[in-house]
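Coordinate analysis (summary)
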Amino acid sequence: MKFVKIYKLNIKLNMNKEINKINKMVDVLDECAMLYFDGTTDTEKENTDVSNYNTEKLHTNFYECLIKILRLFLSDKEELDIYDEELIKKINDKLDDLENYIEKTGFTKEEILQALLLLDIKGFKNLNFDLSIITPNAVSLIFAAILSRIYDNTNKLTLFDPNIGTGNLIFNVACAFSNDVSILGIDSHSLMSRIACVKAEMLQIESEIYFDDCLSMIPTDISFIVSDIATYMYENDNVVSNLYHNDNVRYFPFLLIEHFLQIEKPILAWYLIDDDFFSQPSSSKLNEYLKQRGEIVSLIKLPIDFFQDSTKTKSILVISNKKVHEELSVNIYAIPSLSNNQSSNNQSSNNQSSNNQSLNKIKFKQTIDHIVNDISSYLELLNNYKN
């Protein structure tokens, strides 16, 4: 029993140590970004009969300043475009201290990613962006748990996210691999693509990330697609799309799926989709196209408590860009929640609650095992696919 208590204590101490490290990185980078933000504001007021104002220059928001600070942290060649030498020294000293702290304590990629996620949240709040744009960590880790097992024997992996956003999904997946991993990412929002770029540098992950319309290109050599697809109505009459021009489809997730079904290499695409995906008016048009070109392999329902808004839940849709079977029965899985919402001071109820939680963990593991085994078997057939 003493061993168990010591073991639990060590786990708690290690968790506290990790949290302290993450908070240290967040605090320093946040403080430096705010110092830089303040340093790029002209605080001299022009006192005339007609005006009395501050002139802001160089920066637009906290996120832009954070990107600049991260680039300064990564490279001695980066310079701060402010004229307060004392402020520049203060920022550099803080970043030097952080670098020394990292070298002394050591940081895992997962810890760095967690720190950057917390800074993302501040950046989003500063810009009044909807936090639902960021893929929830719990969802990202489900992707990572499944994909790292299915593709664990692949020597060199190239992960492709055509809607990379801040990169929380694809970076969590990439960090789960011990294999040699590189990332290809695209985003139509310039700020998002730059955030993803600097994150890849912080995580020391080989990457190519572009600010572009993902429907304007088709990659040639990737291992799989993984993406949290943005939901909006797409307008671009220059796009090459049968659904767009022939069927008047504007729902972006359908157009994205159609587009990347054209990849020649047999691959699987792992998409995070809204749960109203199949109830969209033009879903029958996508289904017709899918029957010609590829097939749905699996649908994985995620726990409601993974999402802040229970009315905006999502699922994982696994699609093959080749028709391996004439008729394929789609496997549908429901991943159980690991949380236990029951609360009671009663000892008997607490014991029951503990038992339920243990049972949930067993069901969770069994479900993940089933998903991995079934899709691994399909992937073996896909890899041997011949036209």
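Scope of this entry: the structure provided in the associated data block. (Residues numbered from 1 in each chain as written. Predicted model: local features only at pLDDT ≥ 70, side-chain atom pairs only at ≥ 80, totals over all residues. Heavy atoms only, no water.)

Notes on helix H9 (residues 252-260)
Quick reminder of the rule: Three labels apply to residues, based on accessible area from a 1.4 Å probe with only protein chains included: buried if under 20% of the type maximum, exposed if over 50%, partly exposed otherwise in between. Runs of E in the DSSP output that reach at least two residues are strands. Runs of H or I that reach at least four are helices, and both are numbered from the N terminus. Contacts: residue pairs with any heavy atoms within 4.5 Å of one another.
When you tally the buried positions in H9, you get nine out of nine residues, the bulk of the element. Where H9 is buried, its residues meet strand S3 (156-161), strand S6 (224-228), helix H8 (242-247), strand S7 (268-274), helix H10 (283-293) and strand S9 (314-320).

What about the environment of asparagine 179?
Just so we agree on the cut-off: Here a polar contact is taken to be a pair of N or O atoms separated by no more than 3.5 Å, where protein atoms must pair a possible hydrogen donor with a possible acceptor and residues adjacent in sequence count only if both atoms sit in side chains.
Position of asparagine 179 relative to the elements: it lies in the loop between helix H6 (168-175) and strand S4 (180-187). In this structure the C-alpha to C-alpha distance between asparagine 179 and aspartate 152, which are 27 residues apart in sequence, comes to 7.1 Å. Once you skip the residues sitting within four places of it in the chain, asparagine 179 turns out to touch Tyr151, Asp152, Asn153, Thr154, Asn155 and Leu157. Reaching out from asparagine 179, the side chain makes a polar contact with the backbone oxygen of tyrosine 151 at a distance of 3.4 Å. At 3.1 Å, the side chain of asparagine 179 and the backbone oxygen of aspartate 152 are in polar contact.

With respect to the packing of helix H2 (residues 62-74) against helix H4 (residues 109-127)
The test is simple: Here the axes come from fitting lines to C-alpha atoms, over the contacting stretch only for helices, and the angles between their N-to-C directions go from 0 to 180 degrees.
Where H2 meets H4, the axes come as close as 8 Å, and the angle between the chain directions of the two elements is 150 degrees. From H2, Phe62, Tyr63, Leu66 and Leu70 reach across to H4, where they touch Leu116, Leu119, Asp120, Lys122, Gly123, Phe124, Asn126 and Leu127.

Topic: the packing of aromatic side chains
What counts, and what does not: The rule is short: rings of Phe, Tyr and Trp, with Trp giving its six-membered ring, pair when the centres are within 6.5 Å, and they are stacked under 30 degrees, edge-to-face over 60, tilted in between. Look at NZ for Lys and CZ for Arg. If either is within 6 Å of the ring centre and within 35 degrees of the ring normal, a charge sits over the ring.
What the rule picks out here adds up to 11 aromatic pairs. Judged by centre distance (4.9 Å) and plane angle (90 degrees), the ring pair of phenylalanine 254 and phenylalanine 277 falls under edge-to-face. Taken as a pair, phenylalanine 254 in helix H9 and phenylalanine 277 in the loop between S7 and H10 lie far apart in primary sequence, 23 residues in all. In this structure phenylalanine 254 comes out as buried when scored by relative accessible area, which is 1%. Cation over ring: lysine 21 sits above phenylalanine 107, and NZ or CZ is 5.1 Å from the ring centre.

Comments concerning the layout of surface pockets
Formally: Each cavity reported here is a set of points on a 1 Å grid over the protein atoms alone in which a 1.4 Å probe fits but cannot get out, each pocket an open set with protein on both sides within 12 Å along at least five of seven lines, and each lining residue one with an atom within 4 Å of a point. Grid points are joined across faces, edges and corners, and a volume is the space filled by probe spheres set on the points.
Reported here for the largest pocket is a volume of approximately 1000 Å³. As for the largest pocket, its lining consists of 42 residues, of which Leu131, Ser132, Ile133, Ile134 and Asp228 are closest to the centre. Elements with a contribution of two residues or more to the lining of the largest pocket: H4 and H6.

Quick word on the pattern of salt bridges
Heads up, the condition is: In the sections that follow, a salt bridge refers to a side-chain nitrogen of Lys or Arg positioned within 4 Å of a carboxyl oxygen of Asp or Glu.
Using the criterion set out here, one finds 18 salt bridges in the structure. One salt bridge connects lysine 314 with aspartate 228, and the closest N-O pair in it is separated by 3.1 Å. Of this pair, lysine 314 sits in strand S9 while aspartate 228 sits in strand S6, and the two are 86 residues apart along the sequence. Pair check on accessibility: lysine 314 and aspartate 228 agree, each one buried.

What about empty space enclosed by the protein?
What counts here: For this scheme, ten residues count as nonpolar: Ala, Val, Leu, Ile, Met, Phe, Trp, Tyr, Cys and Pro. Four count as charged, namely Asp, Glu, Lys and Arg, and the remainder, Gly too, count as polar.
Applying the stated rule across the entire model yields two cavities of 30 Å³ or more. In this model, the largest cavity occupies a volume close to 50 Å³. Listed by contribution, the elements that provide at least two residues to the lining of the largest cavity are H2, H4 and helix H7 (190-203). By residue class, the composition of the lining of the largest cavity is eight nonpolar, no polar and two charged. Of the pockets and cavities examined, the second largest cavity occupies roughly 50 Å³. Those elements that place two or more of their residues in the lining of the second largest cavity are H9, S7 and S9. Residues belonging to the lining of the second largest cavity are distributed by class as follows: nine nonpolar, two polar and no charged.

Examining the nonpolar core
Quick note on the threshold: For our purposes a nonpolar core is just a set of buried Ala, Val, Leu, Ile, Met, Phe, Trp, Tyr and Cys residues, chained together by side-chain atoms within 4.5 Å.
Among the nonpolar cores identified, the biggest contains 87 residues, and Ile91, Phe143, Tyr151, Phe224, Leu268 and Trp270 are the most heavily contacted of them. Looking at which element gives the most residues to this core, the answer is helix H1 (residues 2-39), with 10 residues. Setting aside chain neighbours within four positions, we find tyrosine 151 in contact with Leu157, Phe177, Asn179, Ser223, Phe224, Leu268, Trp270 and Leu379. Counting 34 residues, the second-largest nonpolar core is a separate cluster that includes Ile222, Leu243, Val249 and Ile296.

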